[in-house]
Amino acid sequence: MALFENLLDSLGIDCELTPYRYRYYVYGKCGGWFEGVTIVSYSKDEVIFKIHDGKLQVKGKNLSVKKYVEKEVALTGEIYGVERI
């Protein structure tokens, strides 16, 4: 999302399309994308992210961090659930 926001900024458009502190997208059985998070703990079955005012727990199977840059994380594996804790 950072690339998209940089592109909008260069065009003079307000880059914050949605003013949320964190966002996530889950893509079926192949993983997910998380924005505005930092990793607190990680295992193959659970990832816990720190968000602005709490934590986000991701449960799944064979979870792996594919990308972790500027508070953006791409996970691979089967995600069963995402819960705010």
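Refer to the structure above for everything that follows.
The following paragraphs examine the structure supplied in this document. If you're wondering where the values come from, they're calculated on a predicted model, not measured in any experiment.

1. Focus: the overall build of the protein chain
For the protein chain, the helix and strand inventory stands at 1 helix and 6 strands. Secondary structure elements in the protein chain, listed N-terminal to C-terminal, are α-β-β-β-β-β-β. Taken over 85 residues, the protein chain has a buried fraction of 28%. Here the analysis covers contacts within the protein chain between residues at least 6 apart in sequence; of these, 41% occur between residues at least 24 apart. For the protein chain, the computed accessible surface area is about 5,600 Å², with 54% contributed by carbon and sulfur atoms.

2. Considering the environment of T76
Locating T76 in the fold gives a position in strand 6 (residues 72–84). Ignoring any residue separated from it by four or fewer positions in sequence, one finds T76 in contact with C30, G31, N62, L63, S64 and K66.

3. Thoughts on the nonpolar core
Of all hydrophobic cores here, the largest spans 11 residues; its members are F34, V37, V47, F49, I51, L56, V58, L63, V73, L75 and I79. Of all elements in the fold, only strand 4 (46–51), strand 5 (54–69) and strand 6 reach the threshold of two or more residues within this core.

4. So, the pairing of strand 3 (residues 38–42)
It is a general feature of regular strands that their side chains alternate between the two faces of the sheet. As paired elements, strand 3 and strand 4 share 4 bridges and run antiparallel to each other. Note that in strand 4 the partner of I39 across the bridge is F49. Taking the residues between adjacent antiparallel strands as the criterion, strand 3 and strand 4 are bridged by 3 residues.

5. Structural notes on the sheet that holds strand 6
Note: strands within a sheet are paired through backbone hydrogen bonds, in either parallel or antiparallel orientation. Judged by pairing direction, the sheet is antiparallel, and its 6 strands sit side by side in the order 1-2-6-5-4-3 without closing on themselves. Looking at the sheet topology across the chains shown, the edges are occupied by strand 1 (23–26) and strand 3. Neighbour-to-neighbour, the strand axes of this sheet turn through a mean angle of 45 degrees, independent of strand direction. Here strand 2 (residues 32–35) pairs with strand 6 via 4 bridges, running antiparallel. In the strand pairing of strand 6, E35 is matched with E72.

6. A word on the packing of aromatic side chains
Under the defined criterion, the tally for this structure stands at 2 aromatic pairs. A ring pair is formed by Y24 and F34, whose centres lie 5.8 Å apart and whose planes are at 20 degrees; its orientation type is stacked. With Y24 in strand 1 and F34 in strand 2, the pair connects residues that are 10 residues apart, well separated along the chain. Judged by relative accessible area, which is 0%, F34 ranks as buried. Measuring from centroid to centroid gives 5.0 Å for F34 and F49, while their planes differ by 40 degrees, and the two rings are tilted. Taken together, the positions of F34 in strand 2 and F49 in strand 4 put the pair 15 residues apart, joining distant regions of the chain.

Conventions we followed
- Residues numbered from 1 in each chain as written.
- Predicted model: local features only at pLDDT ≥ 70, side-chain atom pairs only at ≥ 80, totals over all residues.
- Heavy atoms only, no water.
- Helix = DSSP H or I, 4+ residues; strand = E, 2+ residues; numbered from the N terminus.
- Buried < 20%, exposed > 50% of the residue type's maximum accessible area, 1.4 Å probe, protein only.
- Contact = heavy atoms within 4.5 Å.
- Areas by Shrake-Rupley, 256 points an atom, 1.4 Å probe, with all protein chains shown as cover.
- Core = buried A, V, L, I, M, F, W, Y, C linked by side-chain atoms within 4.5 Å.
- Pairing = 2+ DSSP bridges.
- Axes fitted to C-alpha atoms, helices over the stretch in contact; angles between N-to-C directions.
- Phe/Tyr/Trp six-rings, centres within 6.5 Å; stacked < 30°, edge-to-face > 60°.

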